[in-house]
Amino acid sequence: MEVEEEDALAAAAASAWPGSSRRRHLLQFLLHASKRLDLRPIVKYSALEFFASRFLPALPRKMGYCGARSRRAVRSWLLEPLRDSNLELFALVAVWIASKIHDLRPLSVKSLKALGDRIISDQHFTCRDFVDAELLFMEVVEHNIGSSSIAFIYLEELLIHFREISKLGDLLDLDVCMDFLDILYETEDTSLLFNYPCSLAASTLVAAYVISVPKQTWEFPILPWGLLHHMMKRKS
């Protein structure tokens, strides 16, 4: 009975990980780093996907927090103890991995270390620490770093198509769309929407249309078109 109670407490602790305030802090840190590095949107949103939707949810299981009898799958001083500064390091590593995937000239580890020295307040990490953290990051997410199914990619495709068929697409501000995505990533209760990237992209485009396009020019049936495009995308 005691073992079952310990398992239940450990599982409850894992389900509450990392906590709303801590999660918000870490994502705001990643967004701030993205701005400081002047990342392209695809790099920024791939990093957010890797860190927020894959690394953080997988960490309790890999750390052995999903049950008192489970064993740790990973061990490293970068995770024990699990300080905010260490997690901020992994946020920068997510940026580094995304840059390697999407940039012809990826960010160098020296540039990331230099930024980390400025914006990680509690600790300084070496270039070697970044390399070790990257290997650990890949182990935690089990090399699940594909970025073909993130909401931003669907959103870009949808916006390009919209601009091809309607002049109103030129009035639709991509920055407004990205502001929506940033807020949704930061808010734990809405972050689950990123599990449905096609639907989220269509919804974001409609919301940005309402904000960006003057009401007197609302001639395009944006809602039915967005729904139709989403259904066709799902079938394909």
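For the structure, check the block above.
Keep in mind it's a predicted model, so treat the numbers as computed, not measured.

Asks: Please clarify how the environment of His124 should be interpreted in this entry.
Replies: Here His124 lies in the loop between helix H5 (109–119) and helix H6 (127–140). Sequence separation between His124 and Leu89 is 35 residues, and the spatial gap between their C-alpha atoms is 9.5 Å.

Asks: Whenever I open this one, the nonpolar core confuses me. Can you help?
Replies: If you look at soluble globular proteins, the nonpolar side chains tend to sit buried side by side. Among the nonpolar cores identified, the biggest contains 76 residues, and Phe51, Phe55, Phe90, Phe130 and Phe137 are the most heavily contacted of them. Listed by contribution, the elements that provide at least two residues to this core are helix H2 (20–37), helix H3 (41–63), helix H4 (84–102), H5, H6, helix H7 (151–165), helix H8 (174–186) and helix H9 (197–212). For this core, the leading source of residues is H3, giving 13 residues. Setting aside chain neighbours within four positions, we find Phe130 in contact with Leu89, Leu92, Val93, Trp96, Val109, Leu112, Lys113 and Phe125.

Asks: So what exactly am I meant to see when it comes to the packing of aromatic side chains here?
Replies: Two aromatic rings are characterised by how far apart their centres lie and by the angle between their planes. Taken as a whole and assessed by the stated rule, the structure comprises eight aromatic pairs. Relative to Phe55, the ring of Phe51 lies with its centre 5.9 Å away and its plane at 15 degrees, an arrangement referred to as stacked. Note that Phe51 and Phe55 are positioned in helix H3 at a spacing of four residues, about one turn of the helix. Classification of Phe55 by relative accessible area gives buried; the value is 0%. Judged by centre distance (3.7 Å) and plane angle (25 degrees), the rings of Tyr185 and Phe194 are stacked. Phe194 gets classed as buried once you look at its relative accessible area, which sits at 6%. Members of the aromatic cluster, each reached through a chain of ring pairs, are Tyr45, Phe152, Tyr185 and Phe194. The ring of Trp96 carries Lys100 above its face, with NZ or CZ at 3.9 Å from the centroid.

Asks: Whenever I open this one, H3 confuses me. Can you help?
Replies: Quick reminder: α-helices carry 3.6 residues per turn. Residues three or four places apart thus point the same way. Taking 1.5 Å of rise per residue, the 23 residues of H3 would be expected to cover 33 Å, and the 31 Å separating its terminal C-alpha atoms lies within 8% of that figure. Along H3, the helix axis deviates most sharply at Phe55, where the bend reaches about 40 degrees; the proline Pro57 sits within four residues downstream. H3 sits mainly inside the fold: 19 of its 23 residues count as buried.

Calculation rules
Residues numbered from 1 in each chain as written. Predicted model: local features only at pLDDT ≥ 70, side-chain atom pairs only at ≥ 80, totals over all residues. Heavy atoms only, no water. Helix = DSSP H or I, 4+ residues; strand = E, 2+ residues; numbered from the N terminus. Core = buried A, V, L, I, M, F, W, Y, C linked by side-chain atoms within 4.5 Å. Buried < 20%, exposed > 50% of the residue type's maximum accessible area, 1.4 Å probe, protein only. Contact = heavy atoms within 4.5 Å. Phe/Tyr/Trp six-rings, centres within 6.5 Å; stacked < 30°, edge-to-face > 60°. Lys NZ or Arg CZ within 6 Å of the ring centre and 35° of its normal. Expected span 1.5 Å × (residues − 1). Bend = angle between axes of the 7 residues up to and from the residue.

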